[in-house]
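Breakdown of the fold
Next come the chains, spelled out residue by residue.
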Amino acid sequence: MNAYIYSKHDKDSRSKKSMVEDALTNEGFTMTDDFNSANIIISIGGDGSFLQAVRKTGFRQDCLYAGISTTGKHSLYCDFHYNNLYEMTQAIRDSKLEVRRYPLIEVTIDEHRPFYCLNEFSIRSNIIRTFVLDVVIDDKLFETFLGDGLIISTPTGSPAYNKSVNGAVVDPLLNCYQVTELASVNNNKYRTLGSPFILSGERKLKLHVHQDGNDFPLMAADNEALGVRKVKNLEIELSPKTIKTVKLKDNSFWEKVQRIHL
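Keep in mind it's a predicted model, so treat the numbers as computed, not measured.

Turning to its location among the elements, Asn162 is positioned in helix H4 (residues 158-164). Of note is the side chain of Asn162, whose polar atom sits 2.9 Å from the backbone oxygen of Ser158. Within polar-contact distance, the side chain of Asn162 engages the backbone oxygen of Ala168 at 3.0 Å. Dropping the residues within four chain positions of it, Asn162 is found in contact with Ile151, Ser153, Gly157, Gly167, Ala168, Gln178 and Thr180.

Bringing the packing of helix H1 (residues 11-26) against helix H3 (residues 85-93) into the picture now. Following both chains from N to C, one finds H1 and H3 inclined at 30°, their axes separated by 10 Å at the closest point. Classed by the angle they form, the pair H1 and H3 counts as roughly parallel. When you trace H1 past H3, the crossing you get is right-handed. Across the interface between the two elements, Met19, Val20, Ala23 and Leu24 from H1 touch Leu85, Met88, Thr89 and Ile92 from H3. The residue inventory of the contact of H1 with H3, partitioned by class, reads seven nonpolar, one polar and no charged.

Right, let's get into the pattern of salt bridges. For the coordinates displayed, the defined rule picks out eight salt bridges. With its nearest N and O atoms 2.9 Å apart, the salt bridge here joins Arg60 to Asp62. Given the relative accessible area of 57%, Asp62 is considered exposed. Between Lys247 and Glu98 there is a salt bridge whose closest N-O contact spans 3.6 Å.

The next point concerns the sheet that holds strand E11 (residues 149-153). Strand pairing in a sheet relies on backbone hydrogen bonds. The paired strands run either parallel or antiparallel. Pairing in this open sheet of six strands is antiparallel, and the strands run E13-E12-E11-E8-E15-E16 from one edge to the other. Each having just a single partner strand, strand E13 (197-200) and strand E16 (224-225) make up the two edges of the open sheet. Strand direction decides the pairing type here: E11 and strand E12 (residues 176-182), joined by five bridges, are antiparallel. Bridge pairing in E12 links Ile151 to Thr180.

The space that makes up the largest pocket amounts to roughly 190 Å³. For the lining of the largest pocket, a count of residues per class yields 14 nonpolar, one polar and one charged.

Okay, the side chain of Gln178 next. Topologically, Gln178 is positioned in strand E12. Given a relative accessible area of 2%, Gln178 falls into the buried group. A distance of 2.8 Å separates a polar side-chain atom of Gln178 from the backbone nitrogen of Ala168. When near neighbours in sequence (up to four residues on either side) are disregarded, Gln178 contacts Ile151, Ile152, Ser153, Ser158, Asn162, Gly167, Ala168, Val170, Pro196, Phe197 and Ile198.

To continue, consider the pairing of strand E10 (residues 140-147). Pairing geometry for strand E9 (residues 131-137) and E10, over seven bridges, is antiparallel. Among the inter-strand pairings, Leu133 is bridged to a residue of E10, identified as Phe145. Here E9 hands over to E10 after two residues, with Asp138 in that stretch at a positive phi of 50°.

What follows covers empty space enclosed by the protein. Where empty space is left in the structure can be found by rolling a water-sized probe over the atoms. Per the counting criterion, the structure on display carries one cavity of 30 Å³ or more. Here the largest cavity is characterised by a volume of approximately 40 Å³. Together, Ala3, Tyr4, Ile5, Lys17, Glu21, Met31, Thr32 and Asp33 line the largest cavity. Top element by residues in the lining of the largest cavity is strand E1 (residues 2-6). It accounts for three residues.

Turning next to the packing of aromatic side chains. Evaluated as defined, the whole model comprises eight aromatic pairs. Pairing Tyr77 with Tyr102 gives two aromatic rings, centres 5.8 Å apart and planes at 70°, and the pair type is edge-to-face. Of this pair, Tyr77 sits in the loop between strand E4 (64-69) and strand E5 (80-81) while Tyr102 sits in strand E6 (residues 97-109); the two residues are 25 residues apart in sequence, bridging distant segments of the chain. As far as burial versus exposure is concerned, Tyr77 and Tyr102 are alike and both buried. An angle of 80° between the planes, with centres 5.1 Å apart, marks the rings of Phe253 and Trp254 as edge-to-face. Through a chain of ring-to-ring contacts, the aromatic side chains of Phe50, Tyr65, Tyr77 and Tyr102 assemble into a single cluster.

Attention now goes to unusual backbone geometry. One non-glycine residue, Phe59, adopts positive backbone phi at about 50°. Relative to the helices and strands, Phe59 is located in the loop between helix H2 (47-56) and E4. With a phi close to 50°, Ala183 is a non-glycine residue in the positive phi region. Inspection of the secondary structure puts Ala183 in the loop between E12 and E13. When its relative accessible area of 49% is taken as the criterion, Ala183 is described as partly exposed.

Analysis parameters
- Residues numbered from 1 in each chain as written.
- Predicted model: local features only at pLDDT ≥ 70, side-chain atom pairs only at ≥ 80, totals over all residues.
- Heavy atoms only, no water.
- Helix = DSSP H or I, 4+ residues; strand = E, 2+ residues; numbered from the N terminus.
- Polar contact = N/O pair within 3.5 Å; in protein donor to acceptor, adjacent residues only side chain to side chain.
- Contact = heavy atoms within 4.5 Å.
- Axes fitted to C-alpha atoms, helices over the stretch in contact; angles between N-to-C directions.
- Parallel < 35°, antiparallel > 145°, perpendicular 65-115°, else oblique.
- Left-handed = near helix turned anticlockwise from the far one by under 90°.
- Nonpolar A, V, L, I, M, F, W, Y, C, P; charged D, E, K, R; others polar.
- Salt bridge = Lys/Arg side-chain N within 4 Å of Asp/Glu carboxyl O.
- Buried < 20%, exposed > 50% of the residue type's maximum accessible area, 1.4 Å probe, protein only.
- Pairing = 2+ DSSP bridges.
- 1 Å grid on protein atoms, 1.4 Å probe; cavity = no way out; pocket = protein on both sides within 12 Å on 5 of 7 lines; lining within 4 Å.
- Points joined across faces, edges and corners; volume = space filled by probe spheres on them.
- Phe/Tyr/Trp six-rings, centres within 6.5 Å; stacked < 30°, edge-to-face > 60°.

Below you can see the structure in the form of structure tokens.
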């Protein structure tokens, strides 16, 4: 099996990468510098590094992803820890691994090429004032939003930025995605729901940005800012694509949430 390792480029990260390569080579893996030829892509760092590894390698559908944490504890996407590489190699040797599919959301901005998010997509005002968005579900106007912005998250992304603004934590076995409002405003002119809402994976979400000075909102895909300029319309849906991750059999999503947040 060919393995590609994604890590930062500082001295400490390069040293850890070398140690992981040695451990995997001893287990019969072939290391490669070409992620397109890898059967498994491994990130070293934390959840942020895992998200970057998936994005930088193109959300590949024909390989496995795995995360090795160097932050002192397991995280949502990292089932293995650098300080216990023996656990990882033993799990590989004894087939104590499972493959879990994590959903993606697909975002199209003004008919540009679609892009994908494993955690969330966020859109916010770029000036010190609220901005207005028409929120359309299945081509029907749901609300005209007034506030700071919106977060659209996958179930696996729900314990992250979404949870920090009182969004719900959602089981990734559910085929859905979540919309969470940031500082929504209700007044005589605008009526917003004022709470997160969960959409079936069969539904399509459209956002129309009112051109009232917020023509250049701040947008981010997972932990990466987008450089898109003027924005008018966005289309968002749950993608049929999924990311295949390697996890330990005794380390479920809810066990991870319990460790991280309780």
